[in-house]
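Each chain, written out:
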Amino acid sequence: MSRDESKLLYAESHEWVDLAEEDGKAVGTIGLSGFALEQLNDLVYMELPELGRELTAGEEFGEVESVKAVSPLYSPVSGKVVAVHEDLPENLEKLNDDPYEFGWIVKVEISEANSVESLLDHAAYQKQCAEAG
Amino acid sequence: MMNTRTGSGASLGPTVGRLISLATAGSAENMAIDQAILDSVTRTGVPVLRFYQWAEPTLSLGYFQGFAARATHAQSDAICCVRRTTGGGAIVHDQELTYSVTIPVPAGSAGPRSVLYQQTHASIAEALANFGVQAVPFRRTGVEPRSESRNSQFLCFQRRTAEDLIVSGYKVLGSAQRKSRTAVLQHGSLLLCTSLYAPQLPGVNDLLSTPLSVEQLVPQIVENLSANLGVDWRVGTLSSQEIRDADKIRRERFASSVWTTRR
């Protein structure tokens with residue numbers, strides 16, 4: 001069953017975060033929104049971060065290429081990368097069909113709880129997307 | 001009225017931008033200057049247009065291309081190699097005019113800036129038209145497009161994407177982009193003549209009886225880019241910070257074999 005996108009949090013830069021508790025720790029699963037994938041149009045490459053890398057909210061953690069344009073991915077939260085979706089770069093064609101389940105990119109063990117405070121809820125993110133046209 | 005030629009609402013202006021006049025530099029230096037400009041436009045929001053050529057024939061790899069793929073193109077095997085930060089396929093920079101245009105974009109914009117490809121290429125097509133060269137975007141040639149995932153030729157100029165400029169069936173202009181949070185760098189190559197290191201690719205002058213010079217082309221491209229982007233391009237120079245940044249980026253990235261062979 002796919003994640004309910006209306007329950008996720010979003011960064012201005014279009015990454016979604018699903019917050020959950022795993023083994024007593026706060027973990028954020030991160031992916032790219034359906035809106036961003038539509039704008040990106042035919043992703044051909046994706047670079048993922050290494051397991052264990054420490055990220056700060058707003059920091060680049062990966063890159064994608066579409067239509068000869070390379071765009072960074074920005075981490076919406078601070079913390080350590082504890083899982084990486086290794087199958088994703090070889091199966092990018094599946095991303096548009098299932099951005100919120102198959103399309104997860106990394107899981108981050110959140111080190112600073114307040115790093116999620118600036119994220120948008122679904123309604124605010126929808127508004128941003130509507131304004132971007 | 002600005003931006004009437006391409007009919008798009010993506011005009012930046014009216015605004016003032018900086019024009020860095022045509023100059024020749026080394027391979028790593030050229031790429032480092034473009035990156036330093038991207039960093040600068042990300043900070044300042046002031047657009048920059050630059051024209052350049054290459055001190056020696058150079059193969060540039062697209063950001064995600066594997067270095068080992070060089071082996072598939074023997075003619076360019078011995079020339080200098082640099083890895084770009086932009087996407088797409090490999091380019092032999094030899095008999096060409098290279099440009100970069102870097103503009104601010106709204107925070108939160110996603111994906112490639114297709115309109116920048118369109119407006120820049122329209123500006124170059126209009127300049128070529130003044131010399132009797134009919135260049136059209138690939139999307140208007142009626143040829144069936146290839147999906148990007150199958151667009152896997154090693155050389156950029158053997159690939160086809162929607163906005164590539166085509167003259168007499170040959171691709172003569174291709175561009176690629178790199179985004180930051182609030183700016184996008186687009187650079188591209190206009191093939192002027194066939195290179196010894198890519199003999200399969202003709203340039204515009206190979207298709208003309210009277211060759212064009214970069215001195216003829218550049219002012220017209222600037223004028224068209226001014227109208228199409230709504231930017232008043234004023235001749236300037238690289239700032240001292242950009243020069244310092246470019247030198248550091250050159251040493252740490254583009255002149256480093258670790259960077260060039262990283263994939």
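Above this note sits the structure.
Below you will find a few notes about this structure. All of these numbers come straight from a predicted model, not from anything done at the bench.

## Some words on the overall build of chain B
At step 1: Across its full length, chain B carries five helices and 11 strands.
At step 2: The C-alpha radius of gyration computed for chain B amounts to 17 Å, which stays within 12% of the reference 18 Å derived for 263 residues, consistent with globular compactness.
At step 3: If you line up chain B on its principal axes, its C-alpha atoms span 50 × 45 × 35 Å.
At step 4: Sequence-distant contacts in chain B: of pairs separated by 6 or more residues, those separated by 24 or more amount to 77%.

## Points about the overall build of chain A
At step 1: A count of helical and extended segments in chain A gives two helices and nine strands.
At step 2: Tracing chain A from N to C terminus, the helices and strands come up as β-β-β-α-β-β-β-β-β-β-α.
At step 3: Against the 2.2 N^0.38 benchmark of 14 Å for 133 residues, chain A shows a C-alpha radius of gyration of 14 Å, consistent with a compact globule.
At step 4: Expressed as a percentage of the 133 residues in chain A, the buried residues total 43%.

## Section: the interface of chain A and chain B
At step 1: Contact with chain A, which involves 21 residues of that partner, is made by 21 residues of chain B.
At step 2: Counting only elements with at least two residues in the side of chain A that touches chain B, the list comes to α1 (34-40), β4 (43-47), β6 (60-66), β7 (69-74) and α2 (122-132) of chain A.
At step 3: At four residues, the largest contribution of residues to the side of chain A that touches chain B is made by β7(A).
At step 4: Classifying every residue of the side of chain A that touches chain B by side-chain character gives nine nonpolar, seven polar and five charged.
At step 5: When β7(A) meets strand β9 (residues 170-179) of chain B, the two strands line up parallel, connected through two bridges. Residue pairing for β9(B): A:Val70 is matched across the bridge by B:Arg178.

## Quick notes on the sheet that holds strand β9 (residues 104-110) of chain A
At step 1: Here we have six strands laid out as an open sheet, ordered β1-β2-β3-β9-β8-β5 (chain A), and antiparallel in their pairing. At either end of the open sheet lies a strand with only one pairing partner, and these are β1 (9-10) and β5 (54-55) of chain A.

## A look at unusual backbone geometry
At step 1: Its identity is not glycine, yet A:Val67 carries a phi of approximately 45 degrees, on the positive side.
At step 2: Phi is positive for B:Ser168, close to 50 degrees, though the residue is something other than glycine.
At step 3: Relative to the elements of secondary structure, B:Ser168 occurs in the loop between β8 (165-167) and β9.

## Side note on helix α3 (residues 214-229) of chain B
Residues and elements named next belong to chain B.
At step 1: With 16 residues, α3 should reach 22 Å at 1.5 Å per residue; the first-to-last C-alpha distance of 21 Å fits that figure.
At step 2: Looking only at α3, the buried set comprises Leu217, Ile221, Asn224, Leu225, Ala227, Asn228 and Leu229. Buried residues along α3 cover an arc of 165 degrees about the axis, so they all sit on one side. Opposite the packed face of α3, turned more than 90 degrees from it, sit the exposed residues Glu215 and Pro219.
At step 3: If you follow the buried residues of α3, they end up packed against β2 (48-54), β6 (96-104), α2 (114-129) and β11 (231-236).
At step 4: Where α3 terminates, the next one or two residues include glycine 230, which has phi positive at roughly 70 degrees.

## What about the nonpolar core?
At step 1: With 60 residues, the main nonpolar core has B:Ala32, B:Ile124, B:Leu165 and B:Val172 as its most contacted residues.
At step 2: Of all the elements, helix α1 (residues 27-44) of chain B adds the most residues to this core, at eight residues.
At step 3: Counting 34 residues, the second-largest nonpolar core is a separate cluster that includes A:Leu9, A:Val17, A:Val27 and A:Ala57.

## Digging into the environment of B:Thr237
All names here are of chain B.
At step 1: Mapping threonine 237 onto the fold places it in the loop between β11 and α4 (240-254).
At step 2: Threonine 237 gets classed as exposed once you count the C-beta atoms within 10 Å, which come to 11.
At step 3: The sequence separation of threonine 237 and phenylalanine 67 amounts to 170 residues, and the corresponding C-alpha distance is 34 Å.

## Thoughts on the packing of α1(B) against α4(B)
All names here are of chain B.
At step 1: Running from amino to carboxyl end, α1 crosses α4 at an angle of 125 degrees, the nearest separation of the two axes being 8 Å. The orientation of α1 with respect to α4, classified from their angle, is oblique. In this structure, α1 meets α4 at a crossing whose hand is right-handed. In this structure, α1 contributes Ala28, Glu29, Met31, Ala32, Ile33, Gln35, Ala36, Ile37, Asp39 and Ser40 to the contact, and α4 contributes Glu242, Asp245, Ala246, Ile249, Arg250 and Phe254.
At step 2: Here the contact of α1 with α4 is built from residues that sort into nine nonpolar, two polar and five charged.

## Looking at the packing of α2(B) against α3(B)
Residue and element names in this part refer to chain B.
At step 1: Close contact between α2 and α3 brings their axes to 8 Å; oriented N to C, the two are set at 135 degrees. For the element pair α2 / α3, the angle class is oblique. Crossing geometry of α2 relative to α3 is assigned as right-handed. When α2 is examined against α3, the residues Gln119, Thr120, Ala122, Ser123, Ile124, Glu126 and Ala127 are found in contact with a partner set consisting of Leu217, Gln220, Ile221, Asn224, Leu225, Asn228 and Leu229.

## Examining the sheet that holds strand β5 (residues 91-93) of chain B
Residue and element names in this part refer to chain B.
At step 1: Read across the open sheet, the three strands follow the order β4-β3-β5; overall the sheet is mixed. If you trace the sheet from one side to the other, it starts and ends with β4 (80-83) and β5, each paired once. For this sheet, the mean inter-axis angle between neighbouring strands, taken without regard to orientation, is 30 degrees.
At step 2: Of the pairings in the sheet, the one linking strand β3 (residues 58-61) to β5 comprises three bridges and is antiparallel in character.

Rules of the game
Residues numbered from 1 in each chain as written. Chains lettered and ligands numbered in written order. Predicted model: local features only at pLDDT ≥ 70, side-chain atom pairs only at ≥ 80, totals over all residues. Helix = DSSP H or I, 4+ residues; strand = E, 2+ residues; numbered from the N terminus. Rg over C-alpha atoms; globule rule 2.2 N^0.38 Å. Contact = placed C-beta atoms within 7 Å. Buried ≥ 20, exposed ≤ 12 C-beta atoms within 10 Å, placed from the backbone. Nonpolar A, V, L, I, M, F, W, Y, C, P; charged D, E, K, R; others polar. Pairing = 2+ DSSP bridges. Expected span 1.5 Å × (residues − 1). Arc of directions from axis to C-beta. Core = buried A, V, L, I, M, F, W, Y, C linked by C-beta atoms within 7 Å. Axes fitted to C-alpha atoms, helices over the stretch in contact; angles between N-to-C directions. Parallel < 35°, antiparallel > 145°, perpendicular 65-115°, else oblique. Left-handed = near helix turned anticlockwise from the far one by under 90°.

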